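Breakdown of the fold
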Amino acid sequence: MEIEQKIAVSIDLGSSNIKAAVYDSTRANSKIRMLTLSDNQYYDHIPSIIYIGEKSFEIGDFGDPVNQTMIRGFKRHIEEENWNIFIPHRKRFMDVDEILLNEFEWIKKRIAEGCPCEPSDVIITVPVGFSEMQKYRMKKAGETAGLKIREIITEPFAGMFFNLKMLQEDKDDDYNILVFDFGGGTLDMSLFNINKKEKLKISAHAAMGIKFGGEDLTEIILEKKIINDYSNLIEDCVNDDFKRNFLDSEFISDEDKSPNSDAYKKYYAKCASVVKTKLLNEVEKLKSDVCTPVHMKSEPDEEEIFCSSTVLNLNDKNISLSYNEFVEFIKSTDIREKIEKGIELMCDHAMLDVTDITKVMVIGGTSKIAYFRNLLKEILQISDEAENKAFIEVKDRDKFNAVALGALSYFEYNNVEFEAKNILAYEIGTIQDGEYIRLRTDMTTLGTTSLMVGIKPTLDGDGIYKAKMYQIFPGIDGVLTPEEKIKNGIYMGYFSISKDLMPENGRCLIDLCADNKCELYANIYNNSGERILENIQLTH
């Protein structure tokens, strides 16, 4: 009997790298495999660096930073309300939604090259801390690009399914597992319960997202070691590039070559940015070499790793970094405290003690650093004797690909009975007259309505009152102050109220409700408590 072909694709749009995998129901052996997005057939991932030219849009590390505008860390801008960037080669600005659409169109072309036919389902993975606004933007851009998006799931949730078979075969029938996903841009932790007493049941206890990743560690090495040790050489390199490409160019006017001109200042800043990006790439390789091929269980010795530089003129010398030196850079940050506090908050939310966590899965490119495994052992009070049983081993290569592959394991196992939606408590508020007004404190309880709160929407030029909503995640260092909430609030969208319905004093009452898809709705009341609008949906 011929098997009906079903093709599904997962997309892991990471801060450092983009990865994709494909599920093919007709494959005899492994139905899930990685897709090659890079032109280099030996790599199944591609750096998340965007290059935009006059008519070109490229992703990877082979762009032209002089003749194209380069964007690193674009994923972090998806949460910003009005972020845009001027593209000189197009002589206009591009906003988040346009760049995101172009990114998905580029990915769709690469998927078409590696798939036997058009996928019927696409699953996108996102960090735990992604707001509903960010998910909406991702889904809209993907669907506009022509992808049939089935679902958006969190990265730790997908990573857990990568080892689902091993979890099913474990002798314990009921246990709690911590998924520690340390990637390039974020550190995501999720706490799950696995119950196999009857049917497989997966329940999410809690989750925590921290905006700190491998890219931040690379920046720290660059600042504290490379720039500190080689500042003069870096300045020489920038000056050489600036002289060669700007001052010596016959196509640039003498007026623009004046040190006081805007063109002079902008191009010098661009040369400095290009040099920094090249150095970041070299530091990233150095950091990777320091951490591999060391096994997760053991920490390397004092031996230094050397890396030649194609950017700096070191006169045949090499840049060096030892593992212990690297660990000292890690310790200079507050990441240890954030991890400890994050696990404490999750355990409090789940009403568990840290010793109730008996399994740990460590994934993500940055997680291969042995320091973090040893830190988790200490926090979770795992003895040396219990270490082998507690840690679910993931090969170094699979640490990079676990999320993309796991998302399709989730797709393949969709007939398994489980409850596994991530629970990350957050609140929603609005900002008026420079003050943060909290509207709802716990958005983990879906289908319930909040208390009515008085607000003062903003009147725009079209005669529409807009009540803008902001999503606030719990502070890893404790309760956020109102000032911090204004600074850290993630814009979600707005509720619109026509001028004829708004009370004369410009104030109204509002309550919020979220459905099981986390779509946000509101009821609007006048000052007497009479409902004037019912179940209006958030406009993104």
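These remarks concern the structure in this document.

Trans peptide bonds make up most of the peptide bonds, and negative phi angles are found at most residues other than glycine. Its identity is not glycine, yet Met351 carries a phi of approximately 55°, on the positive side. Looking at where Met351 falls in the secondary structure, it is placed in the loop between α8 (335-350) and β17 (357-363). Unusually for a residue other than glycine, Asn535 sits at a positive phi of about 50°. Among the secondary structure elements, Asn535 is positioned in strand β27 (residues 531-537).

This part takes up the nonpolar core. Among the nonpolar cores identified, the biggest contains 60 residues, and Met189, Ile339, Ile343 and Phe372 are the most heavily contacted of them. Take this core: its biggest share by element is 11 residues, from helix α5 (residues 214-247). Excluding its chain neighbours within four sequence positions, the residues that come into contact with Met189 are Leu178, Val179, Phe180, Ala206, Ala207, Met208, Ile210, Ile339, Gly342, Ile343 and Met346. Ranked by size, the runner-up nonpolar core spans 38 residues in total, among them Ile11, Ile18, Met94 and Ile124.

Of the pairings in the sheet, the one linking strand β8 (residues 84-87) to strand β9 (residues 92-95) comprises four bridges and is antiparallel in character. Each bridged residue has a counterpart across the sheet, and for Asn84 the counterpart in β9 is Asp95. Count of turn residues in the β8/β9 antiparallel hairpin: four residues, of which Lys91 carries a positive phi of about 55°.

This part covers the environment of Ser496. Position of Ser496 among the secondary structure elements: in strand β24 (residues 490-498). Relative accessible area serves as the criterion here: at 33%, Ser496 is assigned to the partly exposed category. In this structure, the C-alpha to C-alpha distance between Ser496 and Leu538, residues 42 residues apart in sequence, is 8.2 Å.

To continue, consider the packing of aromatic side chains. Counted under the stated rule, the structure contains 17 aromatic pairs. Here Phe157 and Phe161 contribute two aromatic rings whose centre-to-centre distance is 5.1 Å and whose plane-to-plane angle is 90°, an arrangement assigned as edge-to-face. Placement of both Phe157 and Phe161 in helix α3 (residues 155-162) is noted, with a separation of four residues, approximately one turn of the helix. In this structure, Phe157 and Phe161 share a single accessibility class: buried. Relative to Tyr264, the ring of Phe242 has its centre 4.8 Å away and its plane inclined at 80°; by these criteria the two rings are edge-to-face. Of this pair, Phe242 sits in helix α5 while Tyr264 sits in helix α6 (residues 262-291), and the two are 22 residues apart along the sequence. Each of the two residues, Phe242 as well as Tyr264, counts as buried. Through a chain of ring-to-ring contacts, three or more aromatic side chains come together here, namely Phe242, Phe246, Tyr264, Tyr267 and Tyr268. Sitting above the plane of the Phe391 ring, Arg373 keeps its charged end 4.1 Å from the centroid. Across from the ring centre of Tyr494, 4.4 Å away, lies the NZ or CZ of Lys466, which sits over that ring.

Inspection of the secondary structure puts Asp511 in strand β25 (residues 508-514). Exposure remark for Asp511: the relative accessible area of 5% places this residue in the buried category. When the C-alpha positions of Asp511 and Gly454 are compared, they lie 9.1 Å apart, and in sequence the two are 57 residues distant. Within the structure, the side chain of Asp511 is placed 2.8 Å from the side chain of Tyr525, a separation counted as a polar contact.

What counts, and at which threshold
- Residues numbered from 1 in each chain as written.
- Predicted model: local features only at pLDDT ≥ 70, side-chain atom pairs only at ≥ 80, totals over all residues.
- Heavy atoms only, no water.
- Helix = DSSP H or I, 4+ residues; strand = E, 2+ residues; numbered from the N terminus.
- Core = buried A, V, L, I, M, F, W, Y, C linked by side-chain atoms within 4.5 Å.
- Buried < 20%, exposed > 50% of the residue type's maximum accessible area, 1.4 Å probe, protein only.
- Contact = heavy atoms within 4.5 Å.
- Pairing = 2+ DSSP bridges.
- Phe/Tyr/Trp six-rings, centres within 6.5 Å; stacked < 30°, edge-to-face > 60°.
- Lys NZ or Arg CZ within 6 Å of the ring centre and 35° of its normal.
- Polar contact = N/O pair within 3.5 Å; in protein donor to acceptor, adjacent residues only side chain to side chain.

Purely geometric numbers; function is a separate question.
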